[in-house]
Amino acid sequence: TESLNGWVKVPMQDFKFSHLLLNHRVQWHMMYCMLKAAGKKEKMSVLNEMWGMYYLLFGIHSQMEETKMVSSFSSGAGKEVADKVHGQHEELEKLLAEVHESRQQGIEKFEEKLKDFALKYHTHTIAEEKELVPICQALEPELRNKMVGSIRDHFRAQPDSAWLILSMRDAAQSCGDGDLWDTAMPWFFRNVVATFLGFNGTYGKYAQLFPKEDPSWLKAYADLLSAQQPR
């Protein structure tokens, strides 16, 4: 995918962290949909539903990165990167709390705080994919496979994992990263199991609140955020 060019120098079929990148794209998609809804002055009750799903996913994803990836590096260059990521997580938690509280102050304030958070999160995830993912991919195969397995188990262990998995598929297709989905999931799961998971009620709610968008629309928001990043 475009985001991996020059950062992880392995064939796509050998790349082991597709789940992580897919979940980044899910969160990008959810934030962009919330920003679009806030800009159109959607009802606050709907924005609260959207935020509730995002808030849950952020916690699941951040906990996974801290416990399965960041904590795995105790020395050297790996620890420097892990410490940087940990510091960014702490900063994001504070911004997340500000967005959470802003819902009581009206749509305009919510949109303002969400845009601040989205900018920081976009910067953070790109840095993770550029700095943390390559050192994880470069681990000895046994250590890397253990890490990858624990990441997958973390998502599968969630009480309602069907929507988490299918949201990755939808985001990959919306962002033009379908190859990530293909490498993350075996053929039988993609073409058979996923069909049955599509009847999951929580996924139905997710698909209603966060409909698939044209990749050009998502890219426009991503470019806007990238342009606002400090140089």
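Up top is the structure these notes are about.
Residues numbered from 1 in each chain as written. Predicted model: local features only at pLDDT ≥ 70, side-chain atom pairs only at ≥ 80, totals over all residues. Heavy atoms only, no water.

Asks: It is not clear to me how the pattern of salt bridges should be interpreted in this structure. Could you clarify?
Replies: Where charged atoms from two side chains of opposite charge approach closely, those side chains can pair. Counting across every chain of the model gives nine salt bridges. The closest approach of N and O atoms between D83 and K79, which form a salt bridge, is 2.8 Å. With D83 and K79 both in helix α3 (residues 76–102) and four residues apart, this pair spans about one turn of that helix. Residue classification places D83 among the partly exposed positions, given a relative accessible area of 41%. The partly exposed category is assigned to K79, whose relative accessible area is 32%. For E112, the salt bridge identified is with K109, shortest N-O distance 3.6 Å. With E112 and K109 both in helix α4 (residues 107–137), this residue pair falls three residues apart, about one helical turn. The network of salt bridges with shared partners includes R169, D170 and K212. (Salt bridge = Lys/Arg side-chain N within 4 Å of Asp/Glu carboxyl O. Helix = DSSP H or I, 4+ residues; strand = E, 2+ residues; numbered from the N terminus. Buried < 20%, exposed > 50% of the residue type's maximum accessible area, 1.4 Å probe, protein only.)

Asks: Is there a simple way to think about the packing of helix α2 (residues 44–69) against α3 in this case?
Replies: Each packed pair of helices is defined by two parameters, the angle between the axes and the distance between the axes. It is at 12 Å that the axes of α2 and α3 come closest, and there the two elements cross at 165°. Of the possible angle classes, the one that applies to α2 and α3 is roughly antiparallel. Where α2 crosses over α3, the handedness of that crossing is left-handed. Each of W51, Y54, Y55, F58, S62, E65 and E66 in α2 lies in contact with α3, whose residues at this interface are H86, H89, L92, E93, L96, V99 and H100. Here the contact of α2 with α3 is built from residues that sort into seven nonpolar, four polar and three charged. (Axes fitted to C-alpha atoms, helices over the stretch in contact; angles between N-to-C directions. Parallel < 35°, antiparallel > 145°, perpendicular 65-115°, else oblique. Left-handed = near helix turned anticlockwise from the far one by under 90°. Contact = heavy atoms within 4.5 Å. Nonpolar A, V, L, I, M, F, W, Y, C, P; charged D, E, K, R; others polar.)

Asks: What's the story with the nonpolar core in this structure? I'm lost.
Replies: Most often, soluble globular proteins keep nonpolar side chains buried together rather than apart. Core analysis: the biggest nonpolar cluster contains 65 residues, and Y54 and F117 have the highest contact counts within it. When residues of this core are assigned to their parent elements, the largest contribution, 13 residues, is made by helix α1 (residues 18–39). (Core = buried A, V, L, I, M, F, W, Y, C linked by side-chain atoms within 4.5 Å.)

Asks: How should I be thinking about helix α5 (residues 141–156) in this particular structure?
Replies: Side chains that are three or four residues apart share a direction in an α-helix, a result of its 3.6 residues per turn. Between its first and last C-alpha atoms α5 spans 22 Å; for 16 residues at 1.5 Å apiece the expected length is 22 Å, and the two agree. Within the sequence span of α5, burial applies to R144, M147, V148, S150, I151, H154 and F155. All buried residues of α5 lie within an arc of 160° about the axis, which places them on one face of the element. Structural note: α5 exposes E142, K146 and R156 on the side pointing more than 90 degrees away from its buried face. Packing partners of the buried residues in α5 comprise α1, α2, α4 and α6 (161–174). (Expected span 1.5 Å × (residues − 1). Arc of directions from axis to C-beta.)

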